[in-house]
Amino acid sequence: MKYLTLSDKDGNEYLVKATSARSMTRKFCPKCEKFMLMSNFYKNSNHIDGRQGRCKKCSAKYQNAGRERLRDELAAMRGQK
Ligand SMILES: [Zn+2]
């Protein structure tokens with residue numbers, strides 16, 4: 001079976017079946033390094049296959065990490081004033 005490697009705007013690479021990305025039933029999560037059912041991925045119309053590049057579990061982890069970083073940055077900004 002032939003797969004294409006795609007990159008999203010965050011620079012994450014993931015594999016899709018070469019035929020029709022939007023009709024896939026499974027998608028590769030680069031963080032888990034395995035294929036999972038599409039239902040494990042959040043919908044995102046900005047992506048070529050209509051789903052986010054990471055699975056739900058990894059997206060949640062990433063978003064939590066982003067929030068913590070933002071909080072640290074805000075705290076640092078407040079500290080400078
Ligand atoms: Zn994952």
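Attention in this report is confined to the structure presented alongside it. (Residues numbered from 1 in each chain as written. Predicted model: local features only at pLDDT ≥ 70, side-chain atom pairs only at ≥ 80, totals over all residues.)

### Overview of unusual backbone geometry
Piece 1. Its identity as a non-glycine residue notwithstanding, Glu33 has a phi of 60 degrees, on the positive side.
Piece 2. Mapping Glu33 onto the fold places it in the loop between β3 (26-29) and β4 (34-37).
Piece 3. Residue class for Glu33 comes out exposed when judged on the 7 C-beta atoms lying within 10 Å of it. (Helix = DSSP H or I, 4+ residues; strand = E, 2+ residues; numbered from the N terminus. Buried ≥ 20, exposed ≤ 12 C-beta atoms within 10 Å, placed from the backbone.)

### A short note on the pairing of β3
Piece 1. Across four bridges, the pairing between β3 and β4 is antiparallel. Pairing of Lys27 across the sheet is with Met36, part of β4.
Piece 2. Joining the antiparallel neighbours β3 and β4 is a turn of four residues, in which Glu33 adopts a positive phi near 60 degrees. (Pairing = 2+ DSSP bridges.)

### Notes on the environment of Cys32
Piece 1. Relative to the helices and strands, Cys32 is located in the loop between β3 and β4.
Piece 2. The exposure class of Cys32 is partly exposed, given the 13 C-beta atoms found within 10 Å.
Piece 3. C-alpha separation for the pair Cys32 and Arg54, spaced 22 residues apart in sequence, amounts to 8.4 Å.
Piece 4. Beyond its immediate sequence surroundings of up to four residues, Cys32 is in contact with Cys55 and Cys58. (Contact = placed C-beta atoms within 7 Å.)

### Overview of the environment of Ser59
Piece 1. Relative to the helices and strands, Ser59 resides in helix α1 (residues 56-80).
Piece 2. Residue Ser59 is classed as partly exposed on the basis of its 18 C-beta neighbours within 10 Å.
Piece 3. C-alpha separation for the pair Ser59 and Tyr42, spaced 17 residues apart in sequence, amounts to 8.4 Å.

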